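Structural overview
Listed below, chain by chain, are the residues.
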Amino acid sequence: MPATPAWPPQSTPRLFVAPPLGVGLRVIDGSQAHYLAQVMRLKPGDPVKLFDGANGEWLGIAREVGRKALTLEVTERLRPTETVPDLWLCAAPLKKGRIDWLAEKACELGVARLVPVITARTIVDRLNGDRLQVHMVEAAEQCGRTAVPVLAEQVKLAPMLRDWPAERTLFFADETGGMPAAAAMAGHPGPAAILIGPEGGFTPEERDAIRAVPQAIGIGLGPRILRADTAAAAAVTLWMASAGDWRL
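Below, the structure is looked at part by part. Being a predicted model, the structure only gives us computed values, none of them experimental. (Residues numbered from 1 in each chain as written. Predicted model: local features only at pLDDT ≥ 70, side-chain atom pairs only at ≥ 80, totals over all residues. Heavy atoms only, no water.)

1. Focus: the sheet that holds strand E4 (residues 57-65)
Across the sheet, which stays open at both edges, the five strands sit in the order E1-E3-E4-E5-E2 with mixed pairing between neighbours. Of all the strands in the sheet, the pair left with one neighbour each is strand E1 (14-16) and strand E2 (24-29). Across this sheet, the average inter-strand angle for adjacent strands is 40°, counted without regard to direction. Relative to strand E5 (residues 69-79), E4 runs antiparallel, the two being bridged by eight bridges. Its bridge partner lying in E5, Ala-62 is registered against Leu-72. Contacts from helix H1 (residues 30-39) reach E1, E2, strand E3 (47-51), E4 and E5 within the one sheet, and its direction differs from that of E2 by about 95°. The sheet strands contacting helix H3 (residues 129-143) are E1 and E3, and the helix crosses E1 at an angle near 145°. (Pairing = 2+ DSSP bridges. Helix = DSSP H or I, 4+ residues; strand = E, 2+ residues; numbered from the N terminus. Axes fitted to C-alpha atoms, helices over the stretch in contact; angles between N-to-C directions. Contact = heavy atoms within 4.5 Å.)

The structure is reproduced here in structure tokens:
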């Protein structure tokens, strides 16, 4: 007998919707309706995967498809909400384009929380949070996540360090040298955060303040000078492989 094809197929479009998700009818409108109807050419009977960041992934079947709105019948839950590795990415805001890329990769790599941190050499002091949220949602739709990272309020470095939680290790990218990142992270399991400075790096005073935090560990990211967004992605990747869910 021929094998029964997987349902829904892997090519099924995924959408993030407002919670709560459950069995029943769901109306999709606006840009999402345009995407499904005009870009994906959705037809009645076609499947759509839905997630809301809180209740897992669900199967919706198109029942009515119009130009401006469509109706899905949500029939069953396909997957529960993922267990998110307890990792924060604390990063100085970057120029538009680079910060968007950083937000996307933070989501794809499995970060739980993105914290914009203002430092002395930060050249961008105001972020478009709505735009960053859209980038993370789109990344979650693409990579199969059922939870979108929390985008925290922008915070200055000094008060963040002053209020640092006692149970969370703070790995900071130290351009003057530190423990090899993978070894440091493997040796300190549990809740963690990665702190990445701006393009110009931390000032000596900031570096001293970070090192004064009992939970802080300086890490090195290899022999080459990395852009801030590259350093963030590299550090998160190393943590996921050493202490996160890439070990499974």
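2. Let's talk about the nonpolar core
Grouped together as the largest cluster of nonpolar side chains are 38 residues, with contacts concentrated most on Leu-89, Phe-171, Ile-194, Ile-196 and Trp-239. With eight residues, helix H7 (residues 228-242) is the single largest residue contributor to this core. When residues no more than four places from it in sequence are discounted, the contact partners of Trp-239 are Pro-85, Asp-86, Leu-87, Phe-171, Met-185, Gly-190, Ala-192, Ile-194 and Gly-244. Within the second largest apolar cluster, 16 residues are counted, among which are Val-117, Leu-161, Phe-172 and Ala-193. (Core = buried A, V, L, I, M, F, W, Y, C linked by side-chain atoms within 4.5 Å. Buried < 20%, exposed > 50% of the residue type's maximum accessible area, 1.4 Å probe, protein only.)

3. Overview of empty space enclosed by the protein
For the structure on display, the rule yields one cavity of 30 Å³ or more. When its volume is computed, the largest cavity comes out at roughly 30 Å³. In this structure, the largest cavity is lined by Leu-89, Trp-101, Leu-102, Lys-105, Ala-106, Leu-109, Asp-229, Ala-232, Ala-233 and Val-236. Looking at the lining of the largest cavity element by element, the count peaks at five residues for helix H2 (residues 98-109). (1 Å grid on protein atoms, 1.4 Å probe; cavity = no way out; pocket = protein on both sides within 12 Å on 5 of 7 lines; lining within 4 Å. Points joined across faces, edges and corners; volume = space filled by probe spheres on them.)

4. Considering the pattern of salt bridges
Summed over all chains, the structure comprises twelve salt bridges. Salt-bridge contacts for Arg-131 lead to Asp-100; the nearest nitrogen and oxygen are separated by 3.0 Å. Here Arg-131 is found in helix H3, whereas its partner Asp-100 is found in helix H2, with 31 residues between them in sequence. Arg-131 sits in the partly exposed class, given a relative accessible area of 22%. Salt-bridge contacts for Glu-175 lead to Arg-207; the nearest nitrogen and oxygen are separated by 3.0 Å. One end of the pair, Glu-175, is in the loop between strand E10 (169-173) and strand E11 (179-180); the other, Arg-207, is in helix H6 (residues 204-211), with 32 residues separating them in the sequence. A relative accessible area of 10% means that Arg-207 is categorised as buried. Within the structure, one salt-bridge network assembled from shared partners comprises Asp-174, Glu-175, Arg-207 and Arg-211. (Salt bridge = Lys/Arg side-chain N within 4 Å of Asp/Glu carboxyl O.)

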